[in-house]
Amino acid sequence: MPSLLVKNADVLVTMDQARREIKGGCLLIEDGVITSVGPKAEADETLDASGCVVTPGFINTHHHLFQSLTRVVPGGQDALLFGWLKTLYPIWARMGPQHMKISAQIGLAELALSGCSMSSDHLYLYPNGVRLEDTIEAAMSLGLRFHPTRGSMSIGESAGGLPPDALVEDEADILEDSIRLIDSWHDGREGAMLRIGLAPCSPFSVSRELMRDTALLARDKGVMLHTHLAENDEDIAYSLERFGCRPGEYARDLGWVGEDVWHAHCVKLDAAEIDLFAATGTGVAHCPCSNCRLGSGIAPVRMMRDAGVRVGLGVDGSASNDAGDIMAEARQMMLLQRVQNGADAFSARAALEVATLGGAAVLGRDDCGALEVGKRADFAVWDVTTLANAGAWDPVAALVLCGPQRVRELYVEGRAVVREGQIERLDMPRVAERARGLATALMG
């Protein structure tokens, strides 16, 4: 791979230990790794970042990519979580492999255009021959770093769960497929482009036994664990009625805390649960736009970070957001924490830190999240000469505080994913047209 020099950045936001911001900074990249930060150097190719801010690539810690074909569905637009799910389950049950791949390509392209270089995904339903490989192929086609999780649902309505019986799977089959996927696809090495995780959907859609067995399997295989937890008041009420304890206690009792675990949402964690997560190194994927859309509440992000909990950002599925813009999530997080705690409670730079370093910590990727020598070459180039940034005195804070932002360039492992504001490897108008056709058919 030719070496690459990114030069003349107005500001290079390193997110290193000193949180340096280097005016006129340069990055030298060789074989997908950053080998020099700051001074100019010689390289085979150059990328002129004049008029731009360069940041680490953003990291998305929670998504349901299959939902990109079911945005703003009537009947679910104004519903709380459980009612929203009941509206959408029958539609999702009609999806197949092609829906999954195209939906994932749409969702990942949206993320890339908003500066995201690495994304997790939580696929927890497998109707009509769907496999996790459908989303893996989508990520490979774009060139993004990908952490798909083998989700699952095993307790249907007839057994007291929320999902319809037609969408649940046998638990032995779930575990067998989990083993297959890890053995076939998981890469635990530094610089990995693909890592598999295991992710039973939620306490209201799987059994205690599956939660426990999945944790045992994940630790035997050395992969991470993920699920939804404490998302809204309905979630808390279900846990108290069904299990006789709060969600944090439920997670602790089943082995679902630790540095290899991250939970989505956690809007309703109490002080004791926050302390538990901090003490055990358990991560949280914060999804502010989805939490607003479903009326779930404002997650205690400032309190969690003050306690030492690892927090990253998640866009959540596009049926509950209804977008996949990771920069918009950073802004929404910052604004909500100010609403909750005061205007000085959460800065623009804190939001950028959660979006980069925070996500890397949550996903166990100490090789990503910062522009430092030895880190992977995942970075975003933001044009700050645009109308949205006109008049901004602080170009770094402007990324979060000013108008909608789109990357000019996005590189992953030193390779272009977005160039001059366009997805590099896919014919996106054609993919979008295909997505519209599939969505229209689902409406029938």
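In short, a report on the structure. (Residues numbered from 1 in each chain as written. Predicted model: local features only at pLDDT ≥ 70, side-chain atom pairs only at ≥ 80, totals over all residues. Heavy atoms only, no water.)

What follows deals with the overall build of the protein. If you tally the helices and strands in the protein, you get 14 helices and 17 strands. For 444 residues, the compact-globule estimate of 2.2 N^0.38 gives 22 Å, and the protein sits close to it at 21 Å. C-alpha atoms of the protein, sized along the principal axes, occupy 65 × 45 × 45 Å. Here the protein holds 444 residues, and 61% of them are scored as buried. When the accessible area of the protein is evaluated, it comes to approximately 16100 Å², of which 51% is carbon and sulfur surface. (Helix = DSSP H or I, 4+ residues; strand = E, 2+ residues; numbered from the N terminus. Rg over C-alpha atoms; globule rule 2.2 N^0.38 Å. Buried < 20%, exposed > 50% of the residue type's maximum accessible area, 1.4 Å probe, protein only. Areas by Shrake-Rupley, 256 points an atom, 1.4 Å probe, with all protein chains shown as cover.)

A few words on the environment of Phe82. One can find Phe82 in helix H1 (residues 81-92). Residues Phe82 and Val407 lie 325 residues apart in sequence; the distance between their C-alpha atoms is 35 Å. If sequence neighbours within four positions are ignored, Phe82 has contacts with Leu162, Phe204, Glu234 and Asp235. (Contact = heavy atoms within 4.5 Å.)

In the structure shown here, the tally under the stated rule is one cavity of 30 Å³ or more. Its boundaries defined by the atoms lining it, the largest cavity holds a volume of some 130 Å³. Along the wall of the largest cavity there are 15 residues; nearest its centre are Leu81, Trp84, Leu85, His228 and Glu231. With three residues, H1 is the largest single contributor of residues to the lining of the largest cavity. Considering only residue class, the lining of the largest cavity consists of seven nonpolar, six polar and two charged. (1 Å grid on protein atoms, 1.4 Å probe; cavity = no way out; pocket = protein on both sides within 12 Å on 5 of 7 lines; lining within 4 Å. Points joined across faces, edges and corners; volume = space filled by probe spheres on them. Nonpolar A, V, L, I, M, F, W, Y, C, P; charged D, E, K, R; others polar.)

With respect to the helices and strands, Thr70 occurs in the loop between strand E6 (58-60) and H1. On the basis of relative accessible area, Thr70 is assigned to the buried category, the value being 3%. With sequence-adjacent residues up to four places away left out, Thr70 is seen in contact with Leu88, Ile91, Trp92, Ala319 and Leu442.

Take the packing of helix H11 (residues 326-341) against helix H12 (residues 348-362) next. The geometry of H11 relative to H12 is characterised by a closest axis approach of 9 Å and an angle of 130° between their N-to-C directions. Comparing their axes, H12 and H11 come out oblique. Our pair here, H11 against H12, has a crossing hand that is right-handed. Here Ala330, Met333, Met334 and Arg338 of H11 lie close against H12, whose contacting residues are Ala348, Ala351 and Val354. For the contact of H11 with H12, the residue count by class is six nonpolar, no polar and one charged. (Axes fitted to C-alpha atoms, helices over the stretch in contact; angles between N-to-C directions. Parallel < 35°, antiparallel > 145°, perpendicular 65-115°, else oblique. Left-handed = near helix turned anticlockwise from the far one by under 90°.)

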